[in-house]
Structure formats: structure tokens, C-alpha cells
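Coordinates in review
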Amino acid sequence: MRDTHVCRQQLRAATACEHERVDALFPGGLVDATAYRCYLQGMHRLCDDVAKGWLRIARAPEEPLHRVSLLQADLARLALDALPAAAPLALDGELELAGAEYVIQGSRMGARLLSRQARRLGRDGPDNGAAFLTWHSRPEGQATWEALLERIARLVRTNADEDRLMAAAVRTFSAAAFAFEHARQRVVAQ
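Read on for an overview of the structure. Once a new chain begins, its residue numbering starts again from 1 and follows that chain's sequence as written. Under the rules for a predicted model, residues below a pLDDT of 70 receive no local features and side-chain atom pairs below 80 are neither given nor counted, while totals for whole chains, interfaces and linings still include all residues. Side-chain calculation: all heavy atoms of the structure are included, whereas hydrogens and water are not.

1. What about the pattern of salt bridges?
The rule for a salt bridge is simple: a side-chain nitrogen of Lys or Arg has to be within 4 Å of a carboxyl oxygen of Asp or Glu. Under the counting rule described, the total for this entry stands at 13 salt bridges. We note a salt bridge from Arg-45 to Asp-49, for which the minimum N-O separation is 3.1 Å. One end of the pair, Arg-45, and the other, Asp-49, are both in helix α2 (residues 33-57), four residues apart, so they sit about a helical turn from each other. Asp-49 shares its class with Arg-45; the two are buried. In this structure, the salt-bridge partner of Glu-63 is Arg-108, at a minimum N-O distance of 2.8 Å. Taken together, the residues Glu-63 in helix α3 (residues 62-77) and Arg-108 in helix α4 (residues 94-120) connect sequence positions 45 residues apart. What emerges from the salt-bridge pattern is a single network uniting Arg-45, Asp-48, Asp-49 and Lys-52. Only DSSP runs of H or I covering at least 4 residues are called helices, and only runs of E covering at least 2 are called strands; the numbering of each starts at the N terminus. Exposure categories follow from relative accessible area, calculated using a 1.4 Å probe and restricted to protein chains: below 20% of the type maximum is buried, above 50% is exposed, and the middle band is partly exposed.

Right, here's the structure in full:
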């Protein structure tokens, strides 16, 4: 088993450029209704793609499906269409799924700030189009994050495993950036 701290640092370094690309799409976070709509549509696209990845190789755990359900409810509440499916993420095994989950579970850290910003926009719970963000930012998510890091440390046994994991995380960040960019283009065009 690899050291969880070392695995996390390596993942952070490997994904830094793509992570910055995603962050740059939301300068200041959820500063207005347009940014919030883009966030919801992009997160739905990403989470749906990851859930489909789970279903391709195994029965999906409850959490990936729950994320999609909450995001669908938020989109419906705000009368927003889901983005069309993009090319599927290449998530062909547990290592790749762990890399994708690293991105999504890691976004819980920023979700706390985004949740506060969404409340300022009047999005403060399931009835106001913030079911996902309210759930995603809850403090109990820290245990899920820590369990994922431990799972990653157990899965990575060789340098080739590490490469597959990191490549999947980078692809997932790239897919997130693409989804958010696509959402922004659609919102601006409306």
C-alpha cells in the first residue's frame, strides 16, 4: 500500500494545470446567476459521465447516481436543459474510476465556498435549485474524501497503476473544463 499523503501530492501535481484551467472558468466563483447555471450544467455533465463509467464496468455505488439525481433535480427546478453527452470518459477499471472520483470528491472542498456564494444568489436548498451543492458541501463529505484517498493508496501498486490513475484524473479535469466551457457558450448564446 502506498502512502496516502504521497499519492495525494502526486495527484495534485499531475492535475495542477487542468485544475487551474477549471478554476479559471469561474473567476470569483459563483458570482452571478450565469455562473451558477454554468456550474450546474457542467457538473451534471461531468457527474453523469462518471456515473456511466461506473455502470460500464460494475454496478455503480449509490453516491455517483445520487449526485446525478440531485443535479437533474436542480436543472429541472431552474428550467435548464442538461448538456448533451460528450465523448465518454475512458474509465475502464477501478484505477480510472478512482482518478475520476479524486476530481469530483476533491471538488467538495471548494463546494463549501460555492454553497455560500449560491446562497447569496438565492440558491439555498433543494427547493431553490441547490440540492446538489447543499449535499456536496456537507461536512460529512470529508470522511468520503479520506476513504477515497485510502482506496487510492491500496489500488496503486506499481508505477503503471500510478500512471493510469493520474491519467484518468487529468482526463476528468479536462472533461470538467470542456463541460463548463460548453455550458458557458450555451448560456451566453441564449
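2. Some points on the nonpolar core
By nonpolar core we mean a set of buried residues, namely Ala, Val, Leu, Ile, Met, Phe, Trp, Tyr and Cys, connected to one another through side-chain atoms within 4.5 Å. Leu-30, Tyr-39, Tyr-102 and Ile-152 are the most contacted members of the largest nonpolar core, which totals 59 residues. Breaking this core down by element, the ones donating at least two residues are α1 (4-24), α2, α3, α4, α5 (131-136), α6 (141-155) and α7 (159-189). Setting aside residues up to four positions removed in sequence, Tyr-102 forms contacts with Arg-8, Leu-11, Arg-12, Thr-15, Trp-145, Leu-148, Ile-152, Ala-169 and Phe-173. The contact definition used throughout considers only heavy atoms, calling two residues in contact when any of these lie within 4.5 Å.

3. What to know about the layout of surface pockets
The method is simple in principle: a probe with the dimensions of a water molecule rolls over the atoms, and the space it marks as empty is what remains. Grid points spaced at 1 Å over the protein atoms alone were grouped into cavities, where a 1.4 Å probe fits but cannot get out, and pockets, open sets with protein on both sides within 12 Å along at least five of seven lines, with lining residues defined by an atom within 4 Å of a point. Grid points are joined across faces, edges and corners, and a volume is the space filled by probe spheres set on the points. Quantified by volume, the largest pocket comes out at close to 620 Å³. Contributing elements (two or more residues each) for the lining of the largest pocket: α1, α2, α4 and α7. Top element by residues in the lining of the largest pocket is α4. It accounts for 10 residues. Three residue categories are used. Nonpolar comprises Ala, Val, Leu, Ile, Met, Phe, Trp, Tyr, Cys and Pro, charged comprises Asp, Glu, Lys and Arg, and polar comprises the others, including Gly. Per-class residue counts for the lining of the largest pocket are 18 nonpolar, seven polar and three charged. In this structure, the second largest pocket spans a volume of roughly 180 Å³. Together, Trp-54, Pro-61, Glu-63, Pro-64, Arg-67, Glu-101, Gln-105, Thr-144, Ala-147, Leu-148 and Arg-151 line the second largest pocket.

4. Quick look at the side chain of Arg-67
Among the secondary structure elements, Arg-67 is positioned in helix α3. A relative accessible area of 0% places Arg-67 in the buried class. Residues within four places of Arg-67 in sequence aside, it is in contact with Cys-47, Val-50, Glu-101, Ile-104, Gln-105, Phe-132 and Trp-135.

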